[in-house]
Amino acid sequence: MSEAFELTISAELAVKIRAHGVETYPHECCGALLGRDAGFSYHHESRDRRQPAREVLALFPLVNRRDDSPRNRFSVTAEDVLAADKNAQQQGLEVIGWYHSHPDHPARPSQYDQDHAWPWYSYVIVSVHGGTPEDMTSWRLKDDRSEYVEEKIGTLRAQAAK
Amino acid sequence: MAVKVIIPTPLRTYAGKRDSTDVNASTVGDALGGLTSQFADLRKHLFTDDGKLRAFVNVYLNDEDIRYLAKENTPTKDGDTISIVPSIAGGCNH
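Here the structure is a predicted model, which means the values were calculated and not measured.

(A) Inspection of the overall build of chain B at higher detail. In terms of helices and strands, chain B carries two helices and six strands. Along chain B, helices and strands appear, N-terminal first, in the series β-β-α-α-β-β-β-β. Projecting the C-alpha coordinates of chain B onto the three principal axes gives extents of approximately 45 × 30 × 25 Å. Across the 94 residues that make up chain B, the buried fraction comes to 30%. Within chain B, contacts between residues at least 6 apart in sequence are counted, and of these 51% link residues at least 24 apart.

Set out below in structure tokens:
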């Protein structure tokens, strides 16, 4: 059974992801997507279906630990994951996925991406070609690990400050 | 030994949305086996086809990475907590 996935993100945060990819070009950037997923809300609120099923509300940029091959590989250690989790919880959010860039490559997951992926997370990829950000896509690993399913990205206008 | 296993967010869908479960185990390996016996769909995300823990799956006994202990043979005691923590990796095709 297939399921249509959608990730909602503000235009402002989408710009920040692209900017991170440009900053680290020609190396891959990476970071955590912090937000809420309707299926696992920390506050277990009853879901208002006008609200997005999964929404990115903050970013936690990280340092690519693959300093041996940063142009085509990224790595986030367990310690980085724990730091991202802690930062998310401090904001009343959770880690809902990860972003990274593909320098001079399409924003499509590679076999290497798939082999190392976790289910459930949203994986946002931004293509940065010649230092200019281009396509940004999002993907989720299928339950049987056979392939990724592309996730629609819904971009909001800049959210009102709280 | 009664041990608590913390289930990371990306795997909770396969564990009835639970964030932890209790197992009886005398080693970390036994605890992970107990976990995947309870929730069979977890197995393919934690282990390779030949039964090895996937490289991007980190397992902590209390605050220590089992790689620096006795790995899956690390003994457990009552009240221990085992945490499964992801590493994240990827990159372009090259």
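Structure's up, so let's keep going.
(B) Spotlight on the confidence of the model for chain B. Chain-level pLDDT for chain B is 94 on average; 98% of the residues reach the 70-or-more range. Note on the complex model: pTM 0.89, ipTM 0.88.

(C) Representation of the nonpolar core within the structure. Ala32(A), Leu33(A), Leu34(A), Trp98(A), Val124(A) and Val126(A) are the most contacted members of the largest nonpolar core, which has 39 residues in total. For this core, the element with the highest residue contribution is strand β6 (residues 122-129) of chain A, accounting for five residues. Dropping the residues within four chain positions of it, Val126(A) is found in contact with Ile17(A), Arg18(A), Gly21(A), Tyr99(A), Ser101(A), Ala107(A), Pro133(A) and Met136(A). Of all hydrophobic cores here, the second largest spans 17 residues; its members include Leu11(B), Ala25(B), Val59(B) and Ile66(B).

(D) Broad picture of the environment of Ala58(A). Residues and elements named next belong to chain A. Secondary-structure assignment places Ala-58 in strand β3 (residues 54-62). Overall, Ala-58 belongs to the partly exposed group, with 15 C-beta atoms counted inside 10 Å. Contacts of Ala-58, omitting those with residues within four sequence positions, involve Leu-34, Gly-35, Gln-91 and Leu-93.

(E) Region of interest: the interface of chain A and chain B. Facing the 27 residues of chain A at the interface are 18 residues of chain B. Elements represented by at least two residues in the side of chain A that touches chain B include exactly β4 (74-76), α2 (78-90), β5 (94-103) and α3 (111-115) of chain A. A per-element tally of the side of chain A that touches chain B places β5(A) first, with five residues. In terms of residue class, the side of chain A that touches chain B is built from 13 nonpolar, nine polar and five charged. In the sheet, β4(A) pairs with strand β6 (residues 88-90) of chain B via three bridges, with the strands oriented antiparallel. Note that in β6(B) the partner of Phe74(A) across the bridge is Gly90(B).

(F) Main features of the pairing of strand β8 (residues 148-156) of chain A. Residue and element names in this part refer to chain A. As paired strands, strand β1 (residues 6-10) and β8 are joined by five bridges and run parallel to one another. Each bridged residue has a counterpart across the sheet, and for Ile-9 the counterpart in β8 is Thr-155. Alignment of strand β7 (residues 132-141) against β8, held across four bridges, turns out to be antiparallel. Bridge pairing in β8 places Trp-139 opposite Glu-150. Linking β7 to β8, which pair antiparallel, is a turn of six residues; within it Arg-145 sits at a positive phi near 65°.

Rules of the game
- Residues numbered from 1 in each chain as written.
- Chains lettered and ligands numbered in written order.
- Predicted model: local features only at pLDDT ≥ 70, side-chain atom pairs only at ≥ 80, totals over all residues.
- Helix = DSSP H or I, 4+ residues; strand = E, 2+ residues; numbered from the N terminus.
- Buried ≥ 20, exposed ≤ 12 C-beta atoms within 10 Å, placed from the backbone.
- Contact = placed C-beta atoms within 7 Å.
- pLDDT = per-residue confidence, 0-100.
- Core = buried A, V, L, I, M, F, W, Y, C linked by C-beta atoms within 7 Å.
- Nonpolar A, V, L, I, M, F, W, Y, C, P; charged D, E, K, R; others polar.
- Pairing = 2+ DSSP bridges.

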